[in-house]
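What the coordinates show
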Amino acid sequence: QVQLVESGGGLVQPGGSLRLSCAASGSIFSINVVGWYRRPPGEQRELVATFTSSNSTDYANSVKGRFTISRDNVKNTVYLQMNSLKPEDTAVYYCQMILRRTPMGIQTVYWGQGTQVTVSS
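The paragraphs below set out a description of the structure included in this document. (Residues numbered from 1 in each chain as written. Predicted model: local features only at pLDDT ≥ 70, side-chain atom pairs only at ≥ 80, totals over all residues. Heavy atoms only, no water.)

One pass over the full model with this rule turns up one aromatic pair. When the ring of tyrosine 37 is compared with that of tryptophan 111, the centres are 5.1 Å apart and the planes differ by 65°; the resulting orientation is edge-to-face. Linking tyrosine 37 in strand S4 (residues 30-39) with tryptophan 111 in strand S10 (residues 108-111), this pair joins segments that are 74 residues apart in sequence. Using a relative accessible area of 18% as the deciding quantity, one classes tyrosine 37 as buried. Here tryptophan 111 falls in the partly exposed class, since its relative accessible area comes to 32%. Note that arginine 19 overlies the ring of tyrosine 79, its terminal NZ or CZ placed 4.0 Å from the centroid. Against the face of tryptophan 111 rests arginine 45, its NZ or CZ located 3.9 Å from the ring centre. (Phe/Tyr/Trp six-rings, centres within 6.5 Å; stacked < 30°, edge-to-face > 60°. Helix = DSSP H or I, 4+ residues; strand = E, 2+ residues; numbered from the N terminus. Buried < 20%, exposed > 50% of the residue type's maximum accessible area, 1.4 Å probe, protein only. Lys NZ or Arg CZ within 6 Å of the ring centre and 35° of its normal.)

Strand-to-strand pairing in sheets goes through backbone hydrogen bonds, with the strands running parallel or antiparallel. Read across the sheet, four strands follow the order S1-S3-S8-S7 without closing on themselves; strand pairing throughout is antiparallel. Two strands bound the open sheet, and with one partner strand each, they are strand S1 (3-7) and strand S7 (67-72). Pairwise comparison of adjacent strand axes, ignoring direction, gives a mean angle of 15° for this sheet. As paired strands, strand S3 (residues 18-25) and strand S8 (residues 77-82) are joined by six bridges and run antiparallel to one another. Bridging from a neighbouring strand, leucine 18 pairs with methionine 82 of S8. (Pairing = 2+ DSSP bridges. Axes fitted to C-alpha atoms, helices over the stretch in contact; angles between N-to-C directions.)

Tracing the chain through its elements places threonine 77 in strand S8. Not counting chain neighbours up to four residues away, the residues in contact with threonine 77 comprise Cys22, Ala23, Ser70, Arg71, Asp72 and Met97. Engagement of the side chain of threonine 77 in a polar contact is seen with the backbone oxygen of lysine 75, the distance being 2.9 Å. (Contact = heavy atoms within 4.5 Å. Polar contact = N/O pair within 3.5 Å; in protein donor to acceptor, adjacent residues only side chain to side chain.)

To continue, consider the side chain of threonine 115. Relative to the elements of secondary structure, threonine 115 occurs in strand S11 (residues 115-119). Among the polar contacts listed, one links the side chain of threonine 115 to the backbone nitrogen of glycine 9, at a separation of 3.4 Å. Apart from residues no more than four positions distant in its own chain, threonine 115 is found in contact with Glu6, Gly9, Leu20, Ala91, Val92 and Tyr93.

And the structure:
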């Protein structure tokens, strides 16, 4: 089985920084797309950033210039560096990976358990 474990959330003051990590473990052949989503209080989950296997990145307009997604293909880990945090960034953050477990296997979506990020003074 594949498991995604997130870390790095917490409480930070406005203007501060946090770095989220998401490590995948288990039987993995290849990881195509990795991404971060978030669910603000009382709202639906929304895309934050994605990073494809062709090194293409995409960001939500609300985080462009402040957040950076990166990946370590050796460690099967994706990161989200969050700078200049604002109260409206408060949310539960989830990592997502679209991967194959075998060379001929189908691509399957996996999610992390979520980590709370709270931006408040």
